[in-house]
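Residue-level structural notes
Listed here are the chains, written in short residue letters.
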Amino acid sequence: MNLNPNSIEAFDDGLYISEVGPWAENKYEILHHYSHMFSTGMKNLFNQRIYIDLFSSAGIANIRNSNRFVLTSSLIALNLPDPYDHYVYCDIDEKCISALSQRVERYFPGKKANYIKGDCNEKVNEILSFLPKPSKSNTVLTFCVVDPYNLGINFNTMRTLNKYRMDFLVLLSWMDANRNEYIYIKPEEKRIDDFLGDIEWRKKWIALKKENYDFRKFLAEEFVNRMMTLGYPDTAFKTMFEIRSTAKNLSLYHLAFFSKDQKGYKFWNDARFGGPSQTSFRFEE
Ligand SMILES: C[S@@+](CC[C@H](N)C(=O)[O-])C[C@H]1O[C@@H](n2cnc3c(N)ncnc32)[C@H](O)[C@@H]1O
């Protein structure tokens, strides 16, 4: 069977397949739109366009309780009219990396790809070691997808990646934040410390909590503030895209896009408004 380059539709190919909720399709459609515009739009402007997927998964997922299959971020980025020049994939799970590498060989033979098995926060220097050195005669632009199940990206990882010219799509996962706020507030719990790259957030949050501030909004604002220290504009906050669960309409995550170039936001705005159903950032329940 062959993949259709204009679609995220996939099929059961016998290799390992993860399972996703129906709302994930919304995310994949937006990613598909974005990568399509980015990879084609930047083709003649940079010598090399690189794609990094820090939580790459296996490339194909089954929509829960259905017999439908979709491409996930790692293969969406390959199934394009003007694919990137080079791919770097990381996943902590051996069966994901193994299935993904076999799929890339099978459906996209000859594509330049590196696979790293491990925690992306620990492997970030290895990930960067695969990137070509940019120069005046070899311009490089990278798009990096950061899509964990929880708030599992460390700000330090973002800081390290920022040595290179890079646009980011970061998924801010709220199930983790909402459920575990009472745990993360404890000084010995490091999840948010690592996510924001400091331990000072607690003081600020304790004051805001008294005013019934939304924890998700607080974390989103704080994360964008940290990205601003790396030179990214606050546009990410104004252009976030919310994904809600299909059955209960619960806020699951926001997609936050970061670029140092306004053209990046032009592509991102086209992708999020061209995407299906939900249209804008909102934090109210
Ligand atoms: C939300 S899922 C996959 C997201 C994927 N981008 C997609 O499009 O479906 C997260 C993946 O991250 C992997 N993972 C979890 N923690 C990780 C870590 N610290 N570093 C790298 N991969 C990790 C899991 O094995 C899983 O495949």
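Here the structure is a predicted model, which means the values were calculated and not measured.

On to the overall build of the protein. Along the backbone of the protein there are 11 helices and 11 strands. Its C-alpha radius of gyration of 18 Å places the protein within 12% of the 19 Å reference for a compact globule of 285 residues. Projected onto the principal axes, the alpha-carbon positions of the protein cover approximately 55 × 50 × 35 Å. Sequence-distant contacts in the protein: of pairs separated by 6 or more residues, those separated by 24 or more amount to 74%.

On to the nonpolar core, then. Membership of the largest hydrophobic core comes to 76 residues, with the highest contact counts inside it found for Cys144, Val146, Val170, Leu172, Leu255 and Ala256. Those residues in contact with Ala256 that sit more than four places away from it in its chain are Val170, Leu172, Ala220, Ala236 and Met240.

Attention shifts here to the sheet that holds strand β5 (residues 69–71). Spatial ordering of the open sheet is given by β1-β5-β4-β2, a layout of 4 strands whose pairing is mixed. Each edge of the open sheet carries a strand with a single partner, namely β1 (9–10) and β2 (18–20). Along the sheet face, helix α1 (residues 24–41) touches β2, β4 (60–63) and β5 and points at about 35° away from the line of β5.

As a structural note, the neighbourhood of the ligand is formed by 18 residues, with Phe55, Ser57, Thr72, Ser73 and Asp93 the closest of them. If you list the elements that add at least two residues to the shell around the ligand, you get β6 (86–91) and α4 (120–129). For the shell around the ligand, the class distribution of residues is 8 nonpolar, 6 polar and 4 charged.

So, on to the confidence of the model for the protein. Averaged over every residue, the pLDDT of the protein is 93; the share at 70 or more is 96%. Counting interchain partners and residues more than four positions distant, the pLDDT-below-50 stretch residues 276–281 has 10 contacts.

Here we come to the environment of Met37. The residue Met37 is located in helix α1 in this model. With 221 residues separating them along the chain, Met37 and Phe258 place their C-alpha atoms 16 Å apart. Apart from the residues lying within four places of it in its own chain, the contact partners of Met37 are Phe267, Asp270 and Ala271.

What follows covers the pairing of strand β7 (residues 113–117). Here 5 bridges tie β6 to β7, and the two strands are oriented parallel to one another. Each residue of the ladder has a partner; that of Val88, found in β7, is Asn114. Crossover connection from β6 via helix α3 (residues 94–107) to parallel β7: handedness right-handed.

Each value, and the rule that gives it
- Residues numbered from 1 in each chain as written.
- Predicted model: local features only at pLDDT ≥ 70, side-chain atom pairs only at ≥ 80, totals over all residues.
- Helix = DSSP H or I, 4+ residues; strand = E, 2+ residues; numbered from the N terminus.
- Rg over C-alpha atoms; globule rule 2.2 N^0.38 Å.
- Contact = placed C-beta atoms within 7 Å.
- Core = buried A, V, L, I, M, F, W, Y, C linked by C-beta atoms within 7 Å.
- Buried ≥ 20, exposed ≤ 12 C-beta atoms within 10 Å, placed from the backbone.
- Pairing = 2+ DSSP bridges.
- Axes fitted to C-alpha atoms, helices over the stretch in contact; angles between N-to-C directions.
- Near = placed C-beta within 6 Å.
- Nonpolar A, V, L, I, M, F, W, Y, C, P; charged D, E, K, R; others polar.
- pLDDT = per-residue confidence, 0-100.
- Right-handed = clockwise from strand over helix to strand, strands pointing away.

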